[in-house]
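So you can see what is in the structure, the chains are spelled out below.
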Amino acid sequence: MSDVVICECFARDGLQHEPQMLPLETKLALIDQFTDMGLTRIEAMSYSNPKVIPQFADATEVLAGIRRGDGVYYKATCANVRAVERALADTEKGIGANEISLLVSATDSHSLKNLKRTREDQWKNITDMVAAANGRYRMVGTISMAFGCPFEGTVSESDVLKDVEKFSKAGVQLVALGDTTGMAVPATTQRLFSAVIKEFPDVVPVAHFHDSRGTGIVNYLAAYESGVRYFDCSMGGVGGHPTEVKYGGGFTGNVCTEDWVNLLESMGVTTGIDLEKMMATSAYCESVLGRQLYSKVALSGLNPLLDRPAATPVSAS
Ligand SMILES: CC(C)C(=O)C(=O)O
């Protein structure tokens, strides 16, 4: 049992906006490597409309082809009831995901731009999706722009907490707070997560931060210190949110799995990840995308002190 749970987002969030289409065999090899390196949450694919997002036209084939690890959650991204119905159809065939995701934005401006729906309409959509899922999956709700919005500025923490409450009341077990465009700082990260942990003890809080301004890891550390144990990351930091490019410009990537795992393990926090396999998988991710990605650890190697016991292990509170 490790101290933290890392969700690897490369195969969905990472690939969604990649211009090149990866062949099915490459996706299967990637996800199998994620399983083999010890990850216990893997964002595998998206049941999106293939006309809109052709990258996931093979969503069912991906689920059918991957090797399943014991106790591993394979997450399917779902945008609407039709997507949940596709998830259920695959589950009936015995090849389904075991976690599905739901998404809301903390601000109406971002919701309209990103989801083409007002927040109110999106909450109706989520209610319908939860009803359609009928308790068959572990569910994770993500609140985008939870720490600030490029269109509306400061986001009210009490409004975010109301969204967490709505997810909780709907029976959603995990709630991710998204720092979608890298606006959080350690103090806001700690304040909001501490409030979630205090007010919603039944909810598993998840950090889903983008590293747009190089603040991802410092904020993840702040989240860890507040008691968060679930983190979304992506090998090489790929992925992220198109809104950043369309409306703000800049880097859209996720926090690099390699860098966050290296830091945690160097602090004596166990991740359950085989570090040598992680480095081999990191190189494989770069080779399949044909370019150097953003991980500093991929560039410099793992912390050389890692093969010695950490001087003062950080206790998992
Ligand atoms: C789309 C979600 C998962 C996201 O990346 C964000 O809002 O930060």
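Residues numbered from 1 in each chain as written. Predicted model: local features only at pLDDT ≥ 70, side-chain atom pairs only at ≥ 80, totals over all residues. Heavy atoms only, no water.

- Under an unreviewed UniProt entry, the name given to the chain is Isopropylmalate/homocitrate/citramalate synthase, and the source organism is Advenella kashmirensis W13003.
- Checking UniProt for the chain, the heading Sequence similarities (unreviewed entry) contains the comment "Belongs to the HMG-CoA lyase family." (UniProt positions renumbered as here; feature names shortened; annotations may be inferred.)

### So, the site of the ligand
No. 1: As a matter of local geometry, the ligand sits amid seven residues, with L103, S144, T180, H208 and H210 nearest to it.
No. 2: A distance of 3.0 Å separates an oxygen atom of the ligand from a polar side-chain atom of T180.
No. 3: Take H208: an N or O atom from its side chain is 2.9 Å from an oxygen atom of the ligand.
No. 4: The class makeup of the residues in the shell around the ligand is one nonpolar, five polar and one charged. (Near = heavy atom within 4 Å. Polar contact = N/O pair within 3.5 Å; in protein donor to acceptor, adjacent residues only side chain to side chain. Nonpolar A, V, L, I, M, F, W, Y, C, P; charged D, E, K, R; others polar.)

### Here we look at the side chain of Q122
No. 1: As for its placement among the helices and strands, Q122 is situated in helix 6 (residues 119-133).
No. 2: Among the polar contacts made by the side chain of Q122, one reaches the side chain of R117 at a distance of 3.0 Å.
No. 3: In this structure Q122 touches L103, V104, S111, L115 and R117, once residues within four positions along its chain are discounted. (Helix = DSSP H or I, 4+ residues; strand = E, 2+ residues; numbered from the N terminus. Contact = heavy atoms within 4.5 Å.)

### Observations regarding the pattern of salt bridges
No. 1: A full pass over the atoms with the stated rule returns 16 salt bridges.
No. 2: A salt bridge links R67 to D36; the nearest nitrogen and oxygen atoms lie 3.0 Å apart. Here the residue R67 occupies a position in the loop between helix 3 (59-65) and strand 3 (73-77), and D36 occupies one in helix 2 (residues 24-36), the gap between them amounting to 31 residues.
No. 3: Accessibility expressed as a relative area gives 44% for R67, which makes it partly exposed.
No. 4: Overlapping salt bridges, with partners in common, bring together R41, E99, R138 and D232 in one network. (Salt bridge = Lys/Arg side-chain N within 4 Å of Asp/Glu carboxyl O. Buried < 20%, exposed > 50% of the residue type's maximum accessible area, 1.4 Å probe, protein only.)

### Let's talk about the packing of aromatic side chains
No. 1: Overall, the coordinates contain nine aromatic pairs when judged by the stated rule.
No. 2: When the centroid spacing of 5.0 Å and the interplanar angle of 65° are considered together, the rings of F147 and F209 count as edge-to-face. Of this pair, F147 sits in the loop between strand 5 (138-144) and helix 7 (157-169) while F209 sits in strand 7 (residues 204-209), placing them 62 residues apart in sequence.
No. 3: Its relative accessible area of 0% is what places F209 among the buried residues.
No. 4: Taking the centre distance of 6.3 Å and the plane angle of 25° together, the rings of F193 and F209 count as stacked. Separated by 16 residues along the polypeptide, F193 in helix 8 (residues 186-199) and F209 in strand 7 bring together distant segments of the chain. As far as burial versus exposure is concerned, F193 and F209 are alike and both buried.
No. 5: Taken together, the ring pairs connect F147, F193, F209, Y220, F231 and W260 into an aromatic cluster.
No. 6: Here the guanidinium or amino end of R138 rests over the ring plane of Y73, the centre of that ring lying 3.4 Å away.
No. 7: Positioned over the ring face of Y224 is R229, at 3.9 Å from the centre of the ring. (Phe/Tyr/Trp six-rings, centres within 6.5 Å; stacked < 30°, edge-to-face > 60°. Lys NZ or Arg CZ within 6 Å of the ring centre and 35° of its normal.)

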